[in-house]
Amino acid sequence: MNNPARYLVTAALPYANGPVHIGHLAGCYLPADIYVRFLRARKKDVKFIGGSDEHGVPITIRALKEGISPQQVVDRYHAIIKESMEQMGISFDIYSRTSNTTHHETAAAFFKKLYDAGCFEERETEQYFDEQTHTFLADRYITGTCPVCANPTAYGDQCEKCGTSLSPEQLINPRSALSDAVPVKKKTKHWYFPLQQYEPWLKEWLLEGHKEWKNNVYGQCKSWLDSGLHPRAMTRDSNWGIKVPLPDAEGKVLYVWFDAPIGYISATKELTPQWADYWCKEDTQLVHFIGKDNIVFHCIIFPAMLKAHGGFVLPDNVPANEFLNIEGDKVSTSRNWAVWVHEYLKDFPGCEDVLRYVLCANAPENKDNDFTWRDFQDRNNSELVSIFGNFVNRTWVLMHKLCGGKVPKLHEELMDEKDRELVEKIQHSKFKIQNLLEEYKFRDALYEVIDLSRSGNKYMQEKEPWIVAKQLAENPEAQKSIDNCLHLCLQLTANLAILINPFLPGTARKMLQMMKVVDKMLDWENAGKLKLLSVGYSLREPQLLFRKVEDTEITAQIEKLNKGLIKPVMQENTPAPQPAEETTAPAAPVKPAIQFDDFAKIDLKVGTITAAEKVEKADKLLKLQIDLGFEIRTVVSGIALHYAPENIIGKQVVVVSNLAPRKMRGIESNGMILMAEDASGKLHFVSPESVINNGSGVS
Ligand SMILES: [Zn+2]
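Numbering of residues begins from 1 in every chain and follows the order in which that chain's sequence is written. Residues qualify for local features only when their pLDDT is at least 70, as the model is predicted, and side-chain atom pairs are given and counted only at 80 or more; totals for whole chains, interfaces and linings, by contrast, use all residues. Note: side-chain values were computed over all heavy atoms of the structure, leaving out hydrogens and water.

A closer look at a nonpolar patch on the surface
Patch members must show over 30% relative accessible area and no salt bridge, and they are joined within 9 Å when carrying like charges or within 5 Å when they are nonpolar side chains of Val, Leu, Ile, Met, Phe, Trp or Tyr. Here the Shrake-Rupley method, with its probe set to 1.4 Å, supplies the accessible areas, and only the displayed protein chains count as covering residues. Salt bridges are defined by distance alone: a side-chain nitrogen of Lys or Arg within 4 Å of a carboxyl oxygen of Asp or Glu. Where nonpolar side chains cluster on the molecular surface, the patch consists of I594, F596, F599 and I602 and spans about 410 Å² of accessible area. Per the convention used, a helix needs a DSSP run of H or I reaching at least four residues, while a strand needs a run of E reaching at least two, with both numbered from the N terminus. Structurally, F599 can be placed in helix α21 (residues 596-600). On the accessibility criterion, F599 (31% relative accessible area) is partly exposed. The classification of residues rests on relative accessible area computed with a 1.4 Å probe and restricted to protein chains. Under 20% of the type maximum is buried, over 50% is exposed, and intermediate values are partly exposed.

Focus: the coordination of the zinc ion
By definition of the ideal shapes, four donors in a tetrahedron about a metal sit 109.5 degrees apart, and six donors in an octahedron sit 90 or 180 degrees apart. Here a donor is an N, O or S atom found within 2.8 Å of the metal, or within 3.2 Å if the metal is Na, K or Ca; sites may look incomplete because water is not among the atoms. Distances from the zinc ion to its protein donors, C146 (SG), C149 (SG), C159 (SG) and C162 (SG), fall within 2.3 Å. Coordination at the zinc ion is tetrahedral, judged from the four donor atoms that bind it and the angles of 104 to 113° they form at the metal. Of note, the donors binding the zinc ion are all from one chain and are spaced C-x2-C-x9-C-x2-C. Angular criteria define each label, namely tetrahedral for four donors with all angles between 85 and 135 degrees, square planar for four and octahedral for six donors with opposite donors over 155 degrees apart and remaining angles between 65 and 115, and irregular for whatever fails these tests.

Examining the sheet that holds strand β4 (residues 121-130)
By this definition, two strands are paired if DSSP reports at least two bridges between them. Taken in spatial order, the four strands line up as β5-β4-β9-β10 in an open sheet, and their pairing is antiparallel. The sheet terminates laterally at β5 (135-136) and β10 (231-233), the two strands that pair on one side only.

A few points about the packing of helix α4 (residues 101-116) against helix α9 (residues 295-309)
A fitted line through C-alpha atoms serves as each axis, taken over the contacting stretch for helices, and the angle formed by two N-to-C directions is quoted from 0 to 180°. Relative to each other, α4 and α9 sit at 65°, their axes nearing to 9 Å. With respect to the hand of their crossing, α4 and α9 are arranged in left-handed fashion. Side by side, α4 and α9 meet where F110, K113 and L114 of the first sit next to M305, L306, A308 and H309 of the second. Here a crossing is called left-handed whenever its near helix is offset anticlockwise from the far helix by less than a right angle, and right-handed whenever the offset is clockwise. We call two residues contacting when some pair of their heavy atoms lies within 4.5 Å.

A closer look at helix α18 (residues 551-563)
Multiplying 1.5 Å by the residue count of a helix minus one yields the expected span of that helix. In this model, α18 (13 residues) spans 18 Å end to end at C-alpha, consistent with the 18 Å of a helix rising 1.5 Å per residue. Buried within α18 are the following residues: E553, I554, Q557 and L561. For α18, the buried positions fall inside an angular range of 100° around the axis, keeping them on one side. Exposed positions of α18 whose direction lies more than 90 degrees from the buried face are T552 and K563. Looking at the buried residues of α18, the elements they touch are β15 (324-326), α10 (341-347) and α12 (373-402). Each direction from the helix axis to a C-beta atom contributes to the arc, which is the arc of those directions.

Some words on the confidence of the model for the chain
For every residue, the predictor assigns a confidence score, pLDDT, that lies between 0 and 100. Overall, the prediction assigns the chain a mean pLDDT of 92, with 96% of residues at 70 or greater. Here residues 566-589 scores under 50 on pLDDT; set against residues more than four positions off or in separate chains, the count is 45 contacts.

Here's the deal with the pairing of strand β2 (residues 46-52)
The buried fraction of β2 amounts to six of the seven residues, a majority that puts the element mostly inside the structure. Strand direction decides the pairing type here: strand β1 (residues 6-11) and β2, joined by four bridges, are parallel. Bridging from a neighbouring strand, V9 pairs with F48 of β2. For the crossover from β1 across helix α1 (residues 22-41) to β2, the handedness is right-handed. Here, the term right-handed applies to a crossover whose path from the first strand over the helix to the second runs clockwise when the strands point away from the viewer.

A word on the side chain of N380
Tracing the backbone shows N380 in helix α12. Side-chain polar atoms of N380 contact the side chain of N381, separated by 2.8 Å. Discounting chain neighbours no more than four positions away, the residues touching N380 are V354, V385, R547, K548 and V549. The term polar contact refers here to a pair of N or O atoms within 3.5 Å; inside protein, the definition further demands a hydrogen-donor-capable atom paired with an acceptor-capable atom, and it admits residues adjacent in sequence only when both atoms are side-chain atoms.

Focus: the pattern of salt bridges
Scanning the model with the defined rule gives 45 salt bridges in all. Where K203 meets E199, a salt bridge forms, and the shortest distance between an N and an O atom there is 3.6 Å. Of this pair, K203 and E199 both sit in helix α5 (residues 199-208), four residues apart, which is roughly one turn of the helix. Exposure remark for K203: the relative accessible area of 31% places this residue in the partly exposed category. On the basis of relative accessibility, which here comes to 16%, the residue E199 falls in the buried class. By sharing partners, the salt bridges in this structure join D33, R37 and R356 into a single network.

Here's what the structure looks like:
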């Protein structure tokens, strides 16, 4: 959008069943904050909205396990999260929470409006039910094996290992997350939002209208839309959440992903009576900052809800980041493989900006990225301390030593090529950084700021004012050259304060103090200017902007991380997934031993099911076409009671390819596919962990 009248910036609502870790910061809070600070410095009308997401299953599970109420769980973590955000300088205009009244009213009214407009389909379906705890098992109430990657602790809504979005029915060997019981099916009624009706509109609005979105975001949306949307239940059986505002909905609440994004609207309402300007006027630019696991909710489901409701603006951009790994391994709250923000703040007091710097310089903007403590130390010591901090410190020390602690005069008539180069670089950097920030390229923008300070060091090194000073006795005129150098270095320092401010606000503030100037100097319009500090103005003594991070501090952190797997506060962070052993069905007795030669006679090959149909008058049989790479085989398989033909097209399977042909119901079957049978008698495909070439051998 060109020149929006106002900006509304949201950052994903963190889930209030645990503290925030640095992956959360790098994923959305830090980029959102940088963007907002940049807009504020440009005097834009902007509201920055955040808050805790306090509904949903993990919170009720944790409350149950700890023997406290869900409200107590969210009160505890809302407070911890809010404090961490404030200390890290994430400058929300409001940090609200979804358990408050305004939000309950707003979300219920939103649902009711859609209901009254006939936007929902009411459906009675059979769902998994835990007979021990009398609970319907949706989302994270149910765990089982992921059908895609075989992770044994996938949830009913998503596999956290491979990221696939799941439904409880897709889980293999499902168990209740509450009691570990094998669930039964029971009827229940819910309200479904027919997403497929919005598919043509979404394709036009998103795929045609927002080609400028980041590749990782656009690509994920396209693959969702290409594979077709389906009705999605927007209610759940639970007592914790926003009650479904209908008379016949006892024990039903809104699905957490229906209510959470509405939380942005509720929080804006709490913030300002002018909230509707931000949400309803077409000249608002709405930007959602999120992590990649929330893309579908913010780019497809929420926009479709807003469209169905009518009257709201749609997101102009959703610059989602990928994941930040820690020391080469995925963040895992259940294993406590994470760097927790509230712990960092305790271990590195006064170093908030260092973490902001490292997380931005290494942000997972286009692909997953890795945080390591060594890199943290390196970036601090060799970039912040040695380049940026060093330039500012040298300038200040030399200005006090060679110019009497005052801003020296600039003798324009004596300016040489190097001086002019520096001036040009200062002016040019502003626009470069501004363009990058406008395109949500925060890493590159930060690099430019550091690069500008690097130019300062280089300039100082070439000018060598400390050497020139030695000639002063014979040549008093040399003072002019010293003055020019330090005058320009001081103006560059003032520029650096403005340019670094969105990224490292605490550092910018320290620099203001050294310069004895007011906050207003940090206005973006001042960047690129060369008369920010007046000649003759006396400046304070330098203070160190950054300190060196020692090896011992880094070893301590790495040790802490490795030992951390048993830290109590973390252990309870998410319901610990059941260990694989416990979810495995009792094994059948082992058959008598065979020799390897016997086994080697069996030719197992990987193939892909390309067609499937029911065999007439045979309840159990499906006739399958399987692509083995070198040929297409017909295989008749007894899996019709377990799989619908339309659901298995494209599935990779393992085929006994040299089994003698056999006729079944008049069809010749040329091979057999391998199936695993669980304790309940359900059959499951045996598949390669990831898609590989058809015809690959199995041994
Ligand atoms: Zn998976």
